[in-house]
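# Examining the three-dimensional arrangement
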4 protein chains.
Amino acid sequence: MAGYTADRQEHLRRLRRIEGQIRGLQRMVEEDKYCIDILTQVSAADHALRSFALSLLEQHMAHCVADAAAKGGAEADAKIKEASDAIARLVRS
Amino acid sequence: MAGYTADRQEHLRRLRRIEGQIRGLQRMVEEDKYCIDILTQVSAADHALRSFALSLLEQHMAHCVADAAAKGGAEADAKIKEASDAIARLVRS
Amino acid sequence: MAGYTADRQEHLRRLRRIEGQIRGLQRMVEEDKYCIDILTQVSAADHALRSFALSLLEQHMAHCVADAAAKGGAEADAKIKEASDAIARLVRS
Amino acid sequence: MAGYTADRQEHLRRLRRIEGQIRGLQRMVEEDKYCIDILTQVSAADHALRSFALSLLEQHMAHCVADAAAKGGAEADAKIKEASDAIARLVRS
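Quick caveat: nothing in here was measured; it's all calculated off a predicted structure. (Residues numbered from 1 in each chain as written. Chains lettered and ligands numbered in written order. Predicted model: local features only at pLDDT ≥ 70, side-chain atom pairs only at ≥ 80, totals over all residues. Heavy atoms only, no water.)

## Overview of empty space enclosed by the protein
This structure, assessed with the given rule, holds one cavity of 30 Å³ or more. Within this model, the largest cavity holds a volume of roughly 60 Å³. A:Arg50, A:Val91, A:Ser93, B:Arg50, B:Val91, C:Arg50, C:Val91, C:Ser93, D:Arg50, D:Val91 and D:Ser93 together form the lining of the largest cavity. Considering only residue class, the lining of the largest cavity consists of four nonpolar, three polar and four charged. (1 Å grid on protein atoms, 1.4 Å probe; cavity = no way out; pocket = protein on both sides within 12 Å on 5 of 7 lines; lining within 4 Å. Points joined across faces, edges and corners; volume = space filled by probe spheres on them. Nonpolar A, V, L, I, M, F, W, Y, C, P; charged D, E, K, R; others polar.)

## Let's talk about unusual backbone geometry
The phi dihedral of A:Asp32 falls on the positive side, at around 55°, and the residue is not glycine. Its relative accessible area of 26% is what places A:Asp32 among the partly exposed residues. (Buried < 20%, exposed > 50% of the residue type's maximum accessible area, 1.4 Å probe, protein only.)

## Observations concerning helix H1 (residues 8-30) of chain B
In this model, H1(B) (23 residues) spans 33 Å end to end at C-alpha, consistent with the 33 Å of a helix rising 1.5 Å per residue. Within the sequence span of H1(B), burial applies to B:His11, B:Leu12, B:Leu15, B:Ile18, B:Glu19, B:Gln21, B:Ile22, B:Gly24, B:Leu25, B:Gln26, B:Met28 and B:Val29. Buried residues along H1(B) sit against helix H1 (8-30) and helix H2 (35-71) of chain A together with helix H2 (35-71) of chain B. Phi turns positive one or two residues past the end of H1(B), at B:Asp32, with a value near 55°. (Helix = DSSP H or I, 4+ residues; strand = E, 2+ residues; numbered from the N terminus. Expected span 1.5 Å × (residues − 1). Contact = heavy atoms within 4.5 Å.)

## Some details on the interface of chain A and chain B
On the side of chain B, 47 residues touch chain A, which itself brings 47 residues to the contact. In total, about 4200 Å² of surface goes out of reach between chain A and chain B, with carbon and sulfur atoms giving 67% of it. Three residues, A:Tyr4, A:Val29 and A:Leu39, lead the burial of chain A against chain B; their summed loss comes to 13% of the area buried on that side. One salt bridge connects A:Glu19 with B:Arg23, and the closest N-O pair in it is separated by 3.2 Å. Scanning the region where chain A abuts chain B turns up 21 residue pairs in polar contact (both at pLDDT 80 or more). Within the residue set of the side of chain A that touches chain B, elements represented by two or more residues are H1, H2 and helix H3 (73-92) of chain A. Here the side of chain A that touches chain B gets 18 residues from one element, more than from any other, and that element is H2(A). Residues of the side of chain A that touches chain B, tallied by class, amount to 26 nonpolar, nine polar and twelve charged. (Buried area = accessible area lost by both parts, 1.4 Å probe. Salt bridge = Lys/Arg side-chain N within 4 Å of Asp/Glu carboxyl O. Polar contact = N/O pair within 3.5 Å; in protein donor to acceptor, adjacent residues only side chain to side chain.)

## Some details on the relation of the copies chain A and chain B
Each copy of the chain is related to the other by a rotation around an axis and a translation along that axis. When chain A is brought onto chain B, the operation consists of a screw motion whose angular component is 180° and whose axial shift is 0.0 Å, with 0.0 Å RMSD remaining. Within this description, the copies of the chain are treated as partners about a two-fold rotation axis. The share of interface residues of chain A whose copies in chain B are also at the interface is 100%, consistent with both copies meeting through the same surface. (Least-squares fit on C-alpha atoms with pLDDT ≥ 70 in both.)

## Brief notes about the packing of helix H2 (residues 35-71) of chain C against helix H3 (residues 73-92) of chain D
What describes two packed helices is the angle between their axes and the distance between those same axes. Put simply, H2(C) and H3(D) touch, their axes get as near as 9 Å, and they point 15° apart. With respect to each other, H2(C) and H3(D) are oriented roughly parallel. The element H2(C) and its partner H3(D) pack so that their crossing is left-handed. Packed against H2(C), whose contacting residues are C:Ile36, C:Leu39, C:Thr40 and C:Ser43, the element H3(D) presents D:Glu82, D:Ala83, D:Ala86, D:Arg89 and D:Leu90 at the interface. (Axes fitted to C-alpha atoms, helices over the stretch in contact; angles between N-to-C directions. Parallel < 35°, antiparallel > 145°, perpendicular 65-115°, else oblique. Left-handed = near helix turned anticlockwise from the far one by under 90°.)

## Points about the interface of chain C and chain D
In this assembly, 47 residues from chain C lie in contact with 47 residues from chain D. Counting each side, the surface lost to burial between chain C and chain D is near 4200 Å², with a carbon and sulfur contribution of 67%. Among the residues chain C hides against chain D, the three largest losses belong to C:Tyr4, C:Val29 and C:Leu39. Together they make up 13% of the total. Our count for the chain C to chain D interface comes out at six salt bridges. One salt bridge in this structure joins C:Arg50 and D:Asp46, with 3.0 Å as the shortest N-O distance. The interface formed by chain C and chain D contains 21 residue pairs in polar contact (both at pLDDT 80 or more). Mapped onto the side of chain C that touches chain D, the elements with two or more residues apiece are helix H1 (8-30), H2 and helix H3 (73-92) of chain C. In terms of residue count, the dominant contributor to the side of chain C that touches chain D is H2(C) (18 residues). Along the lines of polarity and charge, the residues of the side of chain C that touches chain D split into 26 nonpolar, nine polar and twelve charged.

## A few points about the relation of the copies chain C and chain D
Mapping chain C onto chain D leaves a residual RMSD of 0.0 Å; the transformation is a rotation of 180° accompanied by 0.0 Å of translation along its axis. Here 100% of the interface residues in chain C have copies in chain D that are interface residues too; the copies meet face to matching face.

## Considering the nonpolar core
Most often, soluble globular proteins keep nonpolar side chains buried together rather than apart. Core analysis: the largest hydrophobic core is formed by 128 residues, its most contacted members being A:Ile38, B:Ile22, B:Ile38, C:Ile38 and D:Ile38. Among residues more than four places away in sequence, those in contact with C:Ile38 are C:Leu25, C:Met28, C:Val29, C:Lys33, D:Tyr4, D:Phe52 and D:Leu56. (Core = buried A, V, L, I, M, F, W, Y, C linked by side-chain atoms within 4.5 Å.)

## Re the confidence of the model for chain A
All names here are of chain A. Mean pLDDT for chain A: 94, with 99% of residues reaching 70 or above. Mean pLDDT per element in chain A: H3 is the minimum at 93, and H1 is the maximum at 97. Predicted as a complex, the structure gets a pTM of 0.92 and an ipTM equal to 0.93. (pLDDT = per-residue confidence, 0-100.)

## Quick look at the side chain of A:Arg50
Looking at the secondary structure, you find A:Arg50 in helix H2. A distance of 3.0 Å separates the side chain of A:Arg50 from the side chain of B:Asp46, its partner in a polar contact. In this structure A:Arg50 touches A:Leu90, A:Ser93, B:Asp46, B:Arg50, B:Ser93, D:Val91 and D:Arg92, once residues within four positions along its chain are discounted.

Put into structure tokens, the structure is as follows:
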């Protein structure tokens, strides 16, 4: 079981809404909608995607990272490093 | 015709690939995949979405903004302001 | 004269405030302040730095890019491309 | 002692370099340098500031968060929540 399993339905609901936003963007492009209106929708989808990531990351830290830290040792260090690298990728994406 | 119309097929291809990435994320959540692997995929989708936005923005500036600037006046000022606001939303999303 | 010259004093005032924030961060590190409080200050300085960039970019577009677009030709295309590249660097930094 | 104390000199060195970059930006504005060159420097300073934050955050997680997680209970939950909020502020700044 992953750290986010308890909230799986909520995560899926978010991702399906983001998928709907991306399909909405395709319709806008097909219908030659105004660029700025498309960019506004992109920013909304991007914001939703990052919110999903931040929520997943918080649960990962509260479960996987906290459990590893409680046990200590090399596994704890590895989990911290792994989470830090994921945060850096998110900040830089 | 919007400023990006000439590249419509390329934009649609990008957006369909991003839609595929979002559906891939749903499968990962359904299959209890490891949080960090999901976050890596989120960063990839986020990067692709921002690249789409930057490409659209460049075409908007090269067509709509440049045309308005060539005519000058209040319309030019409004287009510049509108593009700047879209850039700010993108930087902050 | 650059596109931002009319607002030079306002830009300098912003940059001096950001410099003060960076020096404040040095004091916090020297005094072993709590990491989270330092990170909050980093986010504030980062936000201020990006706001400065967005303000400068808007003035650049309203002056340099608009003037080049009004003249048209290769110079206009080059200015649009250059601004788009600067926006991409900002979005990705 | 904060989690980053062992690397305090390295952190101070980074922050002083960023301070130098901000002062360099002031000189560029005073000398009417080209907007795009200033924006390139802003992106470099912004990147350095975010790298400092990511480094501090990793040490915070490896020390303060890991220690709290090892003890468990409400304190552990609070530290995880606090770190998650700091990450969200950084991603959104």
